[in-house]
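# Observations on chain architecture
Here are the chains, one letter per residue:
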Amino acid sequence: EAGVVQSPRYKIIEKKQPVAFWCNPISGHNTLYWYLQNLGQGPELLIRYENEEAVDDSQLPKDRFSAERLKGVDSTLKIQPAELGDSAVYLCASSLGVMGVSDTQYFGPGTRLTVL
Amino acid sequence: AQSVTQLGSHVSVSEGALVLLRCNYSSSVPPYLFWYVQYPNQGLQLLLKYTTGATLVKGINGFEAEFKKSETSFHLTKPSAHMSDAAEYFCAVSEGSYNTDKLIFGTGTRLQVFP
């Protein structure tokens, strides 16, 4: 089966410009996650969706970051305007989302953002 | 709140030697624990996970980990390292009652394997 798909894989922009990342989860996965991975660090959750509902966005900097998951499938993460400190890898993951049952988060390859 | 500490940001071993990557966790509830591997320019791949039951967990590529509640540890081992094991390894704990909840990751350990 196809894994989590993310695009673009790499993005270079100048500060203050907008940028968007796209994620297509594994078919049938209800839960979708966006993580931020800074260089030399482990991933940190930005937002988690159960179907189309954002159930945990407490770590999402809402002044410049936004996300959506229309129709509960694909998701887009946007930054506007981008700052130098936003340079990082943005990872998308998905899981079946069946509570109480052994489940696994599957990660995409990530989008590496460089802000100049 | 849950947290994860990975001792040693870099570990180097010779091919064929034992691999030991250390992970200690802090959790106020019975934890779900995970090890992920990340190869360069790739996403994270699950190696193994502990939810309930047997405390010795076997994963892919010959790796295993043992959950020790008394030591709050979940160290990752492999009896004999292979060159292809060179990668970044992340230990994680699930925050919450379900393993689909938010994962709290450690800072990672980079494994180098020398011929």
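Our subject is the structure listed above.
The structure contained in this document is the topic of the report that follows. Because the structure is a prediction, the values reported are computed rather than measured.

### Regarding the overall build of chain B
- Within chain B, the regular secondary structure consists of zero helices and twelve strands.
- Sequence-ordered secondary structure for chain B, helices as α and strands as β, is β-β-β-β-β-β-β-β-β-β-β-β.
- The C-alpha atoms of chain B give a radius of gyration of 13 Å, which matches the 13 Å a tight globule of 115 residues would have.
- C-alpha extents for chain B along the principal axes are approximately 40 × 30 × 20 Å.
- Residue burial in chain B is summarised as follows: out of 115 residues, 48% are buried.
- Accessible surface computed for chain B: about 5,200 Å², of which carbon and sulfur atoms make up 52%.

### Here we look at the environment of Leu-45 of chain A
- Along the chain, the position of Leu-45 of chain A falls in strand S5 (residues 44–50).
- Note: C-alpha distance between Leu-45 of chain A and Gln-59 of chain A (14 residues apart in sequence) is 6.8 Å.
- Sequence-distant contacts of Leu-45 of chain A, that is, excluding residues within four places in its chain, are made with Tyr-33, Trp-34, Tyr-35, Asp-56 and Gln-59 of chain A together with Lys-102 of chain B.

### Quick look at the packing of aromatic side chains
- Overall, the coordinates contain twelve aromatic pairs over all chains when judged by the stated rule.
- Ring centres of Tyr-35 of chain A and Phe-105 of chain B lie 5.9 Å apart, and the angle between their planes is 85°; this geometry places the pair in the edge-to-face category. Here Phe-105 of chain B lies in strand S11 (residues 103–105) and Tyr-35 of chain A lies in strand S4 (residues 31–37), a pairing that spans two chains. Summarising the burial analysis for this pair, Tyr-35 of chain A and Phe-105 of chain B share the class buried.
- Centre to centre, the rings of Phe-107 of chain A and Phe-105 of chain B are 6.2 Å apart; their planes meet at 75°, and the pair counts as edge-to-face. With Phe-107 of chain A in strand S10 (residues 106–107) and Phe-105 of chain B in strand S11, this pair bridges two chains. The residues Phe-107 of chain A and Phe-105 of chain B share a single accessibility class, namely buried.
- Linked through ring pairs, Tyr-33, Tyr-35 and Phe-107 of chain A together with Phe-34, Tyr-36, Phe-90 and Phe-105 of chain B together constitute an aromatic cluster.

### Concerning the pairing of strand S2 (residues 10–14) of chain B
Residue and element names in this part refer to chain B.
- Residues Val-11 and Val-13 of S2 are buried on one face, while the alternating residues His-10, Ser-12 and Ser-14, pointing to the opposite face, are not.
- By the bridge criterion, five bridges tie S2 to strand S12 (residues 109–114) in an arrangement that is parallel. Pairing of Ser-12 across the sheet is with Gln-112, part of S12.

### A few points about the sheet that holds strand S1 (residues 5–7) of chain A
Residues and elements named next belong to chain A.
- Taken in spatial order, the four strands of this open sheet run S1-S3-S8-S7, and their pairing is antiparallel. Either end of the sheet is taken by a strand with one partner, and the two such strands are S1 and strand S7 (65–68). On average, adjacent strands in this sheet sit at an angle of 15° to one another, irrespective of strand direction.
- Where strand S3 (residues 19–24) and strand S8 (residues 75–79) come together, five bridges link them in antiparallel fashion. Note that in S8 the partner of Val-19 across the bridge is Ile-79.

### Notes on the side chain of Thr-104 of chain A
- Residue position: Thr-104 of chain A is located in the loop between strand S9 (88–95) and S10.
- Overall, Thr-104 of chain A belongs to the buried group, its relative accessible area being 9%.
- Among the polar contacts made by the side chain of Thr-104 of chain A, one reaches the side chain of Lys-49 of chain B at a distance of 2.8 Å.
- Contacts of Thr-104 of chain A, omitting those with residues within four sequence positions, involve Ser-94 and Ser-95 of chain A together with Tyr-36, Leu-46 and Lys-49 of chain B.

How each quantity is defined
Residues numbered from 1 in each chain as written. Chains lettered and ligands numbered in written order. Predicted model: local features only at pLDDT ≥ 70, side-chain atom pairs only at ≥ 80, totals over all residues. Heavy atoms only, no water. Helix = DSSP H or I, 4+ residues; strand = E, 2+ residues; numbered from the N terminus. Rg over C-alpha atoms; globule rule 2.2 N^0.38 Å. Buried < 20%, exposed > 50% of the residue type's maximum accessible area, 1.4 Å probe, protein only. Areas by Shrake-Rupley, 256 points an atom, 1.4 Å probe, with all protein chains shown as cover. Contact = heavy atoms within 4.5 Å. Phe/Tyr/Trp six-rings, centres within 6.5 Å; stacked < 30°, edge-to-face > 60°. Pairing = 2+ DSSP bridges. Axes fitted to C-alpha atoms, helices over the stretch in contact; angles between N-to-C directions. Polar contact = N/O pair within 3.5 Å; in protein donor to acceptor, adjacent residues only side chain to side chain.

So yeah, pure geometry; function would need other evidence.
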